[in-house]
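# Chain and residue survey
The residues making up each chain are set out below.
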Amino acid sequence: MDEGGGNVTATTLMRVVGLQKSYGGLRAVDDVTFDVHHGEILALVGDNGAGKSTLVKALAGAQPPDSGRIEIDDKPVPLRHPRDAEAARIGCLHQGLGLVDALDVPENVFLGRELQTKVFGLIPQLDHARMRERTIELLDRFGVHLPRLNEPVLRLSGGQRQTVAISRLLLQDVRLVIMDEPMAALGVEEGRRVLELVRNMRAQGISVIVISHNLEHVFQLADRIAVMKNGRLVGVVETASTTRDAVVRMITFGQLH
Amino acid sequence: MQNQPAIAHVSAIGHADRRWLFKGLGLTIVVIALALIFALINPRFATVANLANVLTQASYYIIIAVGMTFVITSAGIDLSVGSLLALVTVIGFDLIKGGMHPLLGVLVMFILGGAIGCLTGLLIAFVKIPPFIATLAMMVSLRGLALLHSAGNMHYGLPPSLTWLGQGDLFGVPVPVIIAFVFAIFGGWLFNHTKFGLHVRAIGGNREAARLAGVPVNLVEVIVYVLMGLVTALGGLIMIARIDSTQATIGTAMEIHVIAAVIIGGTSLFGGSGTVYGTVVGALLLSMMTNALVIAGVDYFWQLVVMGVIVLIAVAINNLRERRIPTLSLFMRRNPEESVANNQGR
């Protein structure tokens, strides 16, 4: 297993080659080719309708592309179904988060992959204690603290709910997480915490693709920025060697320089 | 869209807690207080014989209401319990009276209850008939079948081995009370400590999220109604064992009693969260009130009126607790965060 070592190493985790997806006559994603490195945060920016969501859905197996291929560790991976993405250890954080409000934190984290013990060595029952322990471990590993674990998550704040949803992904030992506008609708402090969590994920060797409209967040967070316009990839630039103006120009005019 | 009501009460339930002890505590106090009041008003209420009577009468309602807790928590409802109970008991009674071995007769009752529950579950999970409509139709049809089987026929005279289930006692404790108590503990365990219980709460809370998490939502839903059918057969068995008779009209209006017990207990009518302990206390409360009304000589028809009013009050309290009535919640303590969430509309 590759741990990435924390900083951006230029080894490629995922390679997207010539990806194409049309809706009727509209080319939502048009011949897009790029790499995602091990343990990097790649921001995906562009105007509404630039094709970011369609691209990301293809990577998550939610919407198979018309043509093109996706390789992970130099091997082509068919992503025809969310299950394929899960098998490839790609996690996707949707805007709806997919939490069950009435369940508590460990129950949400473990829903669908519950830990069980046997009563009298015979009858299976939920292992609440171990699920709770593993949840705390997981949260600790990524530097997150939640005040209350055994209350319905509906009582948690937006950022905390976000954290619970991310924990669900981390439990599956993902190596690439795709996040759609994770900081939208969060307060300043909450947004900062989620930024920190994403950085901690990178430190653990997880690659992250973040869709965001907020360039301030993008510049705070991303190692590289991929810009899309009208379904095409305008370019991928290193955050350290570009400016906001340059990125805004790429978004609006679709030109690298 | 599915998240909207949830976000609207993100910070709403301030006091309630998932832990049953706290959730049921307030209601438990209400029940004890009411018992004391009844005892003060009428000493006949407080006799050991009468209290045993209250508990025994509560026993089959407790059993069936525990099953209903699963149904309502899964965001469903079952209006057909009374009719199913009638059908299962008239057939079981008839078979046993006709010479079938009591054990075999009881087995037939359970198989019939489970099978009809399964049919209801399939209609709801796979044919996508809303639970209210599916079970309303079942309520009418099953009552029709019970009447076809034995309209105008009163069955009586069970073998002692069966009446013991309803009339016997162990160390002075009525057998039906013991059965109900043991069953309620089993139900609480099933609800809180098993994968099945978790999945029931998950599909009631957010079916789509549960499905995405890999919960077999349709299967869980069918099992919930199978369980409800089995539990109805058990409740029916104990009921006929106690009164040693049955007829096609038995269990009329039972659904309202059972649903009331569940809602009074604190289970959300909208699914997702529930409490078996609360249900037991809710069923006790209803039996106690019915008993007090009988002792006070209140007419049966008035008892029906009171029952309906209690249900309305319980549902209103449930709604207030979840802040689902905006105009009423204006009068309750409001929290600024919540009004923001309400206005966000996402």
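This text goes with the structure placed above it.
Reading guide: rules and limits
Residues numbered from 1 in each chain as written. Chains lettered and ligands numbered in written order. Predicted model: local features only at pLDDT ≥ 70, side-chain atom pairs only at ≥ 80, totals over all residues. Heavy atoms only, no water. Core = buried A, V, L, I, M, F, W, Y, C linked by side-chain atoms within 4.5 Å. Buried < 20%, exposed > 50% of the residue type's maximum accessible area, 1.4 Å probe, protein only. Helix = DSSP H or I, 4+ residues; strand = E, 2+ residues; numbered from the N terminus. Contact = heavy atoms within 4.5 Å. Buried area = accessible area lost by both parts, 1.4 Å probe. Polar contact = N/O pair within 3.5 Å; in protein donor to acceptor, adjacent residues only side chain to side chain. Pairing = 2+ DSSP bridges. Axes fitted to C-alpha atoms, helices over the stretch in contact; angles between N-to-C directions. Parallel < 35°, antiparallel > 145°, perpendicular 65-115°, else oblique. Left-handed = near helix turned anticlockwise from the far one by under 90°. Nonpolar A, V, L, I, M, F, W, Y, C, P; charged D, E, K, R; others polar. Patch = residues over 30% accessible without salt bridge, like charges linked within 9 Å, V, L, I, M, F, W, Y side chains within 5 Å. Areas by Shrake-Rupley, 256 points an atom, 1.4 Å probe, with all protein chains shown as cover. Salt bridge = Lys/Arg side-chain N within 4 Å of Asp/Glu carboxyl O.

## Quick look at the nonpolar core
Of all hydrophobic cores here, the largest spans 143 residues; its most connected members are Met201 of chain A together with Met68 and Phe70 of chain B. Among the elements that line this core, the one with the most residues is helix H11 (residues 217-243) of chain B, at 14 residues. Those residues in contact with Met201 of chain A that sit more than four places away from it in its chain are Phe142, Ile166, Leu170, Val177, Ile206 and Val208 of chain A. Counting 28 residues, the second largest nonpolar core, distinct from the first, contains Ile178, Ile209, Ala226 and Met228 of chain A.

## Describing the interface of chain B and chain A
Counting residues at the interface gives 27 residues for chain B and 27 residues for chain A. Buried area between chain B and chain A, both sides added, is near 2,300 Å², and the carbon and sulfur share of it is 55%. Applying the counting criterion to the chain B and chain A interface returns 6 residue pairs in polar contact (both at pLDDT 80 or more). Those elements that place two or more of their residues in the side of chain B that touches chain A are helix H8 (175-193), helix H9 (195-205) and helix H10 (207-212) of chain B. Here the side of chain B that touches chain A gets 6 residues from one element, more than from any other, and that element is H9 of chain B.

## Focus on helix H1 (residues 52-59) of chain A
In terms of burial, H1 of chain A is a largely internal element, 6 of the 8 residues being buried. Of the positions making up H1 of chain A, those classed as buried are Lys52, Thr54, Leu55, Val56, Ala58 and Leu59 of chain A.

## Considerations on the sheet that holds strand S12 (residues 232-238) of chain A
All names here are of chain A. Pairing within the open sheet is mixed, and its 6 strands lie in the order S6-S9-S10-S3-S11-S12. Two strands close off the open sheet at either side, each with one partner strand: strand S6 (90-93) and S12. The mean angle between the axes of side-by-side strands here comes to 20°, regardless of whether they run parallel or antiparallel. Judged from the 6 bridges that link them, strand S11 (residues 224-229) and S12 form a sheet pairing that is antiparallel. Bridging from a neighbouring strand, Val227 pairs with Gly235 of S12.

## A short note on the packing of helix H4 (residues 81-97) of chain B against helix H5 (residues 102-125) of chain B
All names here are of chain B. Packing of H4 against H5 brings their axes to within 9 Å, and their N-to-C directions diverge by 155°. Looking at the two axes, H4 sits roughly antiparallel to H5. As for the relative orientation of H4 and H5, their crossing is right-handed in sense. Side by side, H4 and H5 meet where Leu84, Leu87, Val88, Thr89, Ile91, Gly92, Leu95 and Ile96 of the first sit next to Pro102, Gly105, Val106, Val108, Met109, Leu112, Gly113 and Ile116 of the second. In terms of residue class, the contact of H4 with H5 is built from 12 nonpolar, 4 polar and no charged.

## Describing unusual backbone geometry
Residue and element names in this part refer to chain A. Phi is positive for Glu181, close to 50°, though the residue is something other than glycine. Its place among the elements puts Glu181 in the loop between strand S9 (176-180) and helix H6 (188-203). By relative accessible area, Glu181 is classed as buried at 14%.

## Looking at the side chain of Thr89 of chain B
Tracing the backbone shows Thr89 of chain B in helix H4. For Thr89 of chain B, the contacting residues outside a window of four places in its chain are Met109, Gly236, Ile240, Thr246 and Ile250 of chain B.

## Quick look at a nonpolar patch on the surface
All names here are of chain B. On the surface, a nonpolar cluster with roughly 480 Å² of combined accessible area is contributed by Trp302, Val305, Val309, Ile313 and Ile317. By secondary structure assignment, the location of Val305 is in helix H14 (residues 300-321). On the accessibility criterion, Val305 (42% relative accessible area) is partly exposed.

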